[in-house]
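Secondary and tertiary structure notes
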Amino acid sequence: MTIKNVLVAYTGHDSSMSALRHAIKIADHHDGWLTAVLGYGQPPMERRMATHLPRDMLVSLREFDRKQIEEARTVFEAAVVEHGRSDKASFVDLDVEHGAPLADFARTFDLVVMGMHRPGSADTHMAANPDLMALHSGRPVLVVPRNFDAPGLAENMLLAWDGKRAAARAVGDAMPLLRERGRVTVLTIGSKPAPGTDQLIANLRHHDVDARHVHQPKTRSVGRMILETADSEGAKAIVMGAFEHSKFSQDLWGGVTTDVMRDAHVPLFMSH
């Protein structure tokens, strides 16, 4: 996979500015095309109480959304002009209530870049969940933490490997990035290295990836160990499979994907 078409799920909020800046760097590095999308549906209040709200209030809610969309477009267009990418950038206003869902729209892109979802806010319909995007789009998703900034793309990455399907998918999707990095640390956790670890290291080296293996016995939650190892290894990005177990169980009891996505201080590349 070559990265020539980057989709940034951009809301216009501060929480997604880091994602926008990072997406511009990725598109610039690969001389690719950058598309920003702001998906929206009915505001929560309208969705729950549409039959009880007066028409003028419904009009006001939709006008407020329209204003936010235009503000987001203005910020995006200014950012791509500043970085000299305006000739390879576009902004899509995707109405997911009457058109294709955002995950469906994302399926034709090489990479989706987005910030963390803001649960509980009144305008959640203007954004998207990175975990749902990874789950339903079939595309790799790069989640960029709020306030993250770096002069360039990550030169040292941590690859969390458990030998399962989602991790294998993440390795394949991330290979264009892994091949360009200065160093990749393959982390396995448990009583013994995950199945296929030796072959994975060999295959990465066949791709001219400078790969090294770190194995740790499980002493606390896997998510916490991934984050701590990323810090100790100086990794500037984490690659992992998403939701090897059901998302319902992750939402109910928590899990590796949820923990890492919530607490990571560096970009998280994940595939399902």
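Quick look at the structure, then. Keep in mind that what you see is a predicted model, and the values were worked out from it rather than measured.

Description of the overall build of the chain
- A tally of regular secondary structure across the chain gives 10 helices and 10 strands.
- Across the 272 residues of the chain, 50% fall into the buried class.
- Of the contacts made within the chain by residues no fewer than 6 positions apart, 78% connect residues no fewer than 24 positions apart.
- A total of about 13000 Å² of accessible surface is found on the chain, and carbon and sulfur atoms cover 53% of it.

Some remarks on the packing of aromatic side chains
- Summed over all chains, the structure comprises two aromatic pairs.
- Plain terms: the ring middles of F76 and F91 are 6.0 Å apart, the flat faces sit at 50° to each other, and that makes the pair tilted. Note that F76 is positioned in helix α3 (residues 55-82) and F91 in strand β3 (residues 89-95), a separation of 15 residues in sequence.
- Measuring from ring centre to ring centre gives 5.5 Å for F105 and F109, while their planes differ by 50°; the resulting arrangement is tilted.

Describing the pattern of salt bridges
- One pass over the full model with this rule turns up 13 salt bridges.
- In this structure, the salt-bridge partner of D149 is K25, at a minimum N-O distance of 3.2 Å. Highlighted residues: D149 in the loop between β5 (141-144) and β6 (156-160) and K25 in helix α1 (residues 17-29), separated in sequence by 124 residues.
- Here E233 makes a salt bridge to R212, at a shortest N to O gap of 2.5 Å. In this pair, E233 is assigned in the loop between α8 (222-232) and β9 (237-241) and R212 in strand β8 (residues 211-216), connecting sequence segments 21 residues apart.
- If you follow the salt bridges from partner to partner, you end up with D28, D31, R85 and K88 in one network.

Observations regarding the nonpolar core
- If you look at the biggest cluster of nonpolar residues, it comprises 82 residues, and the most contacted ones within it are L34, F76, V113, M133, L178 and L204.
- The dominant element in this core, judged by the number of residues it contributes, is helix α6 (residues 165-178), at seven residues.
- If we skip the residues at most four places from it in the chain, V113 touches V6, L7, V8, A9, A19, A23, I26, L142 and V144.

Some points on the packing of α8 against helix α10 (residues 256-263)
- Two elements in contact, α8 and α10, have axes separated by 8 Å at closest approach and are oriented at 40°. The orientation of α8 relative to α10 falls into the category oblique. You can see that α8 and α10 cross each other, and the crossing is right-handed. Contacts between α8 and α10 involve V222, G223, R224, I226 and L227 from the former and V256, D259, V260 and D263 from the latter.
- In terms of residue class, the contact of α8 with α10 is made up of five nonpolar, one polar and three charged.

Focus: the environment of V184
- As for its placement among the helices and strands, V184 is situated in strand β7 (residues 183-189).
- The buried category is assigned to V184, whose relative accessible area is 0%.
- Distance from V184 to A237, taken between C-alpha atoms, is 9.8 Å for residues 53 residues apart in sequence.
- Excluding residues that lie within four positions of it along the chain, V184 makes contacts with M157, L159, L178, V209, D210, A211 and R212.

What counts as what
Sequence order as written defines residue numbering, which begins from 1 separately in each chain. Note on the predicted model: pLDDT of at least 70 is required for a residue's local features to be given, and 80 or more for side-chain atom pairs to be given and counted; whole-chain, interface and lining totals, by contrast, use all residues. Computation of side-chain values covers all heavy atoms of the structure but excludes hydrogens and water. Only DSSP runs of H or I with at least four residues qualify as helices, and only runs of E with at least two residues qualify as strands; both kinds are numbered from the N terminus onward. The buried label applies to any residue whose accessible area, calculated with a 1.4 Å probe on protein chains only, is under 20% of its type's maximum; exposed applies above 50%, and partly exposed to all values in between. Whether two residues touch is decided by their heavy atoms; if any such pair falls within 4.5 Å, the residues are in contact. The accessible surface values rely on the Shrake-Rupley method and a 1.4 Å probe; as for residues, cover is taken only from the protein chains in view. In this scheme Phe, Tyr and Trp rings, the latter by its six-membered ring, pair at centre separations within 6.5 Å, and the angle between planes marks the pair as stacked below 30 degrees, edge-to-face above 60, and tilted otherwise. Salt bridges are defined as contacts in which a side-chain nitrogen from Lys or Arg sits within 4 Å of a carboxyl oxygen from Asp or Glu. By nonpolar core is meant a set of buried Ala, Val, Leu, Ile, Met, Phe, Trp, Tyr and Cys residues that side-chain atoms within 4.5 Å join together. Axis definition: a line fitted to C-alpha atoms, over the contacting stretch in the case of helices. Angles run 0 to 180 degrees between N-to-C directions. With respect to orientation, any angle under 35 degrees is reported as roughly parallel, any angle over 145 as roughly antiparallel, any angle of 65 to 115 as roughly perpendicular, and every other angle as oblique. Take the far helix as your reference; a near helix turned counterclockwise from it by less than a right angle gives a left-handed crossing, and one turned clockwise gives a right-handed crossing. Each residue gets one label: Ala, Val, Leu, Ile, Met, Phe, Trp, Tyr, Cys and Pro are nonpolar, Asp, Glu, Lys and Arg are charged, and the others, such as Gly, are polar.

All we've got here are geometric facts, nothing functional implied.
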